[in-house]
Amino acid sequence: MQLTFKNEPVQINGHFVEVGKTIAGFTLADTKLDDKTLDDFKENLLLINIFPSVDTSVCSDSVRLFNLKAGAFKDSRVLCISKDLPFAQARFCGAENIKNVEMLSAFRSPEFGKSYGVEIASSPIKGLLARAVIIVNSARQVVYAQLVSEITEKPDYDRCLDAMSTYA
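All values reported here derive from a predicted model rather than from experimental measurement.

Enquirer: Any chance you could explain the overall build of the protein chain here in plain terms?
Expert: In terms of helices and strands, the protein chain carries four helices and 11 strands. C-alpha extents for the protein chain along the principal axes are approximately 40 × 35 × 30 Å. Sequence separation of 24 or more characterises 69% of the internal contacts of the protein chain that already satisfy a separation of 6 or more. Element-wise, carbon and sulfur atoms account for 47% of the exposed surface of the protein chain, whose accessible area totals about 8,200 Å². Across the protein chain, the 19 positively charged side chains and the 21 negatively charged ones have centroids separated by 2 Å.

Enquirer: Mind showing me how you'd approach the side chain of Thr 4 here?
Expert: On the secondary structure map, Thr 4 appears in strand β1 (residues 3-5). We classify Thr 4 as buried; its relative accessible area is 16%. When residues no more than four places from it in sequence are discounted, the contact partners of Thr 4 are Pro 9, Val 10, Ser 149, Glu 150 and Ile 151.

Enquirer: Hey, could you run me through the sheet that holds strand β4 (residues 27-30) in this one?
Expert: Adjacent strands of a sheet form backbone hydrogen bonds with each other and so pair up, either parallel or antiparallel. On the basis of which strands lie adjacent, the open sheet formed by seven strands has the order β5-β4-β8-β7-β6-β10-β11 and mixed pairing. Where the open sheet ends on each side, the last strands, each with one partner, are β5 (35-37) and β11 (142-147). In this sheet, neighbouring strand axes are inclined to one another by 30 degrees on average, regardless of whether the strands run parallel or antiparallel. By the bridge criterion, three bridges tie β4 to β5 in an arrangement that is antiparallel. In the sheet register, Thr 27 faces β5, and the bridge partner there is Thr 37. Taken strand by strand, helix α1 (residues 57-69) contacts β6 (45-50), β7 (76-82), β8 (102-105) and β10 (132-136), and its axis lies near 160 degrees from that of β6. Of the strands in this sheet, β6, β7, β10 and β11 are in contact with helix α4 (residues 157-167), which crosses β11 at around 175 degrees.

Enquirer: I tried to follow the nonpolar core on my own but got confused; where do I start?
Expert: Among the nonpolar cores identified, the biggest contains 30 residues, and Ile 48, Ile 50, Ile 81, Phe 112, Tyr 116, Val 118 and Ile 134 are the most heavily contacted of them. Those elements that provide at least two residues to this core are β1, β6, β7, α3 (111-116), β10 and β11. Contacts of Ile 50, omitting those with residues within four sequence positions, involve Ile 81, Phe 112, Tyr 116, Val 118, Leu 129, Ala 130, Arg 131, Ala 132 and Ile 134. In terms of nonpolar packing, the next biggest core, distinct from the first, is built from 25 residues, Leu 45, Val 54, Phe 66 and Val 78 among them.

Enquirer: Sorry, what's going on with unusual backbone geometry here?
Expert: Phi is mostly negative for residues that are not glycine, and the peptide bonds are mostly trans. Of note in the backbone geometry, Lys 6 takes a positive phi value of approximately 55 degrees without being a glycine. Its location among the elements puts Lys 6 in the loop between β1 and β2 (8-10). Overall, Lys 6 belongs to the exposed group, its relative accessible area being 58%. Despite not being glycine, Arg 140 has its phi angle at roughly 70 degrees, a positive value. Tracing the backbone shows Arg 140 in the loop between β10 and β11. Arg 140 sits in the buried class, given a relative accessible area of 10%.

Rules of the game
- Residues numbered from 1 in each chain as written.
- Predicted model: local features only at pLDDT ≥ 70, side-chain atom pairs only at ≥ 80, totals over all residues.
- Heavy atoms only, no water.
- Helix = DSSP H or I, 4+ residues; strand = E, 2+ residues; numbered from the N terminus.
- Contact = heavy atoms within 4.5 Å.
- Areas by Shrake-Rupley, 256 points an atom, 1.4 Å probe, with all protein chains shown as cover.
- Lys, Arg positive; Asp, Glu negative; His and termini not counted.
- Charge placed at Lys NZ, Arg CZ, Asp CG, Glu CD.
- Buried < 20%, exposed > 50% of the residue type's maximum accessible area, 1.4 Å probe, protein only.
- Pairing = 2+ DSSP bridges.
- Axes fitted to C-alpha atoms, helices over the stretch in contact; angles between N-to-C directions.
- Core = buried A, V, L, I, M, F, W, Y, C linked by side-chain atoms within 4.5 Å.

Okay, structure coming up:
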């Protein structure tokens with residue numbers, strides 16, 4: 001799949017995750033600078049919302065929407081992952097009253113973007129993460145994966161939420 005940023009081609013490092021495959025582990029920082037790993041969420045169905053920066057409208061809208069919808073899915077968690085500093089993530093969540101998603105930062109985990117196939121390797125936003133939504137069951141298998149082809153556009157929320165409903 002060819003990715004673009006403002007209609008200009010973008011290269012990505014790594015290979016995007018595939019439905020049916022087991023997801024790679026990770027260690028990311030939460031808003032308190034504590035390490036969180038995939039194992040911290042082992043009993044849950046996960047919706048993983050990956051995006052460039054919470055300081056952009058499409059990214060912040062995705063966090064708001066998933067925050068509103070998160071409670072509808074039993075035994076599930078929503079992880080919102082970017083390379084924003086945890087301080088910025090916490091400030092955003094406080095200002096927006098975001099309480100139903102877990103904000104995680106890959107700022108000290110450069111391997112995350114490559115292992116999930118979302119590390120932007122070219123463009124003005126090189127080094128950030130591409131926009132993607134991944135749903136992972138409790139066995140850590142990918143049951144839904146969407147890498148958004150134009151980074152400035154929103155994911156297909158209806159398909160994401162339908163997929164969550166199927167597995168929740």
